[in-house]
Amino acid sequence: MRVMVTGGAGFIGSNLVDRLLAEGHAVDVVDDLSSGSLANLADARAAVAHGLTFHQLDIRSDELIEVMARRRPEVVFHLAAQADVRVSVDRPVFDADVNILGTLRVLEGARAAGTARVAFAASGGTLYGECDPSELPVTESQPRRPLSPYGVSKMAAIDYLVAYRELHDLEFCALALANVYGPRQDPHGEAGVVAIFSNRLLRGVPVTIFGDGEQTRDFVYVDDVVDAFVRAGERGGGLVLNIGTGIEVSVNELARVMGERAGVASTPVHAPPRVGEIQRSSLDPARAAIHLGWRAWTPLENGVQGVLEHTRRHARP
Ligand SMILES: NC(=O)c1ccc[n+]([C@@H]2O[C@H](COP(=O)([O-])OP(=O)(O)OC[C@H]3O[C@@H](n4cnc5c(N)ncnc54)[C@H](O)[C@@H]3O)[C@@H](O)[C@H]2O)c1
């Protein structure tokens, strides 16, 4: 199959590209390299000489529609995004420009290309807002009440997907992702707490925990997320599906597990809690099991081991 991955030079996107190439698909990557990098595609370029085509392109540009019409992908995996909640709070217009208008251009490109299906990276962590603990893990029937411009723009993109399905027969599957972690995640970003902890632990610097560390997240390993995308490229039409483990892990617990795996006994430093941070979060993956036959199967211990090994291999001397 010919497929396109927007955001394919990013953390999740590049891992997805590796898998799609390994399965023998011809892959077009569209990425403006604003947060992604070509280094993330080095393995893909080394492994497959002809299956990969890279387009350095902003999804907001008109050229995108021309490129898509020319390349005619059967399936588009749309992952390119302004993916930082804090940036969305500071620059909501920019966030909407990339995540709403950029997504619209991708959908127009898909129409022009005769694309059959779009698999979209939505955000489960921000879609449902702060939930009552009795509602955890949240199901997709939970009311959507995003608390950040990023959550709103990602939700709006889902609404467009629904409309395009009705209007233009463009099938979609939206994956509401939990906290994805794994190799290639940017340790300098905000979201990648596992990457940040990994970097600090291996440099012998204590990790910083904001607040009391009892806030919880649903950490899902990138290989499992990639597997969900591959399935969403074929199944799960017209659905929003949670992609998480359904397990809450506190930041304190994460720091403990990672310290153990790294063989480092350092006491975390606590800093004031971050304003606007959700206290508890986990996503019920039962619907993805039914419609995609998917479940997360990487235990946290194994996943963080993968990140620590990646950090070790890429550490600057
Ligand atoms: N990492 C997570 O925990 C998580 C959770 C929920 C949802 N998501 C979503 O998954 C997707 C991938 O996230 P990630 O963690 O890999 O982030 P990332 O920043 O590594 O990847 C995003 C990619 O999109 C590219 N990009 C950004 N703006 C672009 C534009 N205007 N035109 C073209 N390319 C552009 C970036 O260069 C980057 O390569 C995003 O849509 C994000 O919102 C991620």
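Note: the structure precedes this text.
Residues numbered from 1 in each chain as written. Predicted model: local features only at pLDDT ≥ 70, side-chain atom pairs only at ≥ 80, totals over all residues. Heavy atoms only, no water.

Caption draft 1: Broad picture of the packing of helix α10 (residues 251-262) against helix α12 (residues 300-314). Running from amino to carboxyl end, α10 crosses α12 at an angle of 55°, the nearest separation of the two axes being 10 Å. In terms of axis orientation, α10 runs oblique to α12. As α10 packs across α12, the resulting crossing turns out to be right-handed. Only L300, E301, V304, Q305, L308 and R312 of α12 make contact with α10, whose side of the interface consists of L254, V257, M258, R261 and A262. (Axes fitted to C-alpha atoms, helices over the stretch in contact; angles between N-to-C directions. Helix = DSSP H or I, 4+ residues; strand = E, 2+ residues; numbered from the N terminus. Parallel < 35°, antiparallel > 145°, perpendicular 65-115°, else oblique. Left-handed = near helix turned anticlockwise from the far one by under 90°. Contact = heavy atoms within 4.5 Å.)

Caption draft 2: Spotlight on the site of the ligand. Near the ligand lie 28 residues; those nearest to it are D31, S35, L79, Y150 and K154. The contact in question runs from an oxygen atom of the ligand to an N or O atom on the backbone of G10, over 3.0 Å. Separating an oxygen atom of the ligand from a backbone N or O atom of S34 is a distance of 3.1 Å. A total of 820 Å² of accessible area belongs to the ligand in isolation, and the protein chains cover 91% of it. Among the secondary structure elements, those contributing two or more residues to the shell around the ligand are α1 (11-22), β5 (117-123), α7 (149-168) and β7 (179-181). (Near = heavy atom within 4 Å. Polar contact = N/O pair within 3.5 Å; in protein donor to acceptor, adjacent residues only side chain to side chain. Areas by Shrake-Rupley, 256 points an atom, 1.4 Å probe, with all protein chains shown as cover.)

Caption draft 3: Spotlight on unusual backbone geometry. Cis rather than trans, the peptide bond between L136 and P137 has omega equal to -10°. Counting through the fold element by element, P137 comes out in the loop between α6 (124-127) and α7. Non-glycine residue R184 carries a positive phi angle of around 80°. Structurally, R184 can be placed in the loop between β7 and α8 (193-202). Taking relative accessible area as the criterion, R184 reaches 16% and is therefore assigned buried. (Buried < 20%, exposed > 50% of the residue type's maximum accessible area, 1.4 Å probe, protein only.)

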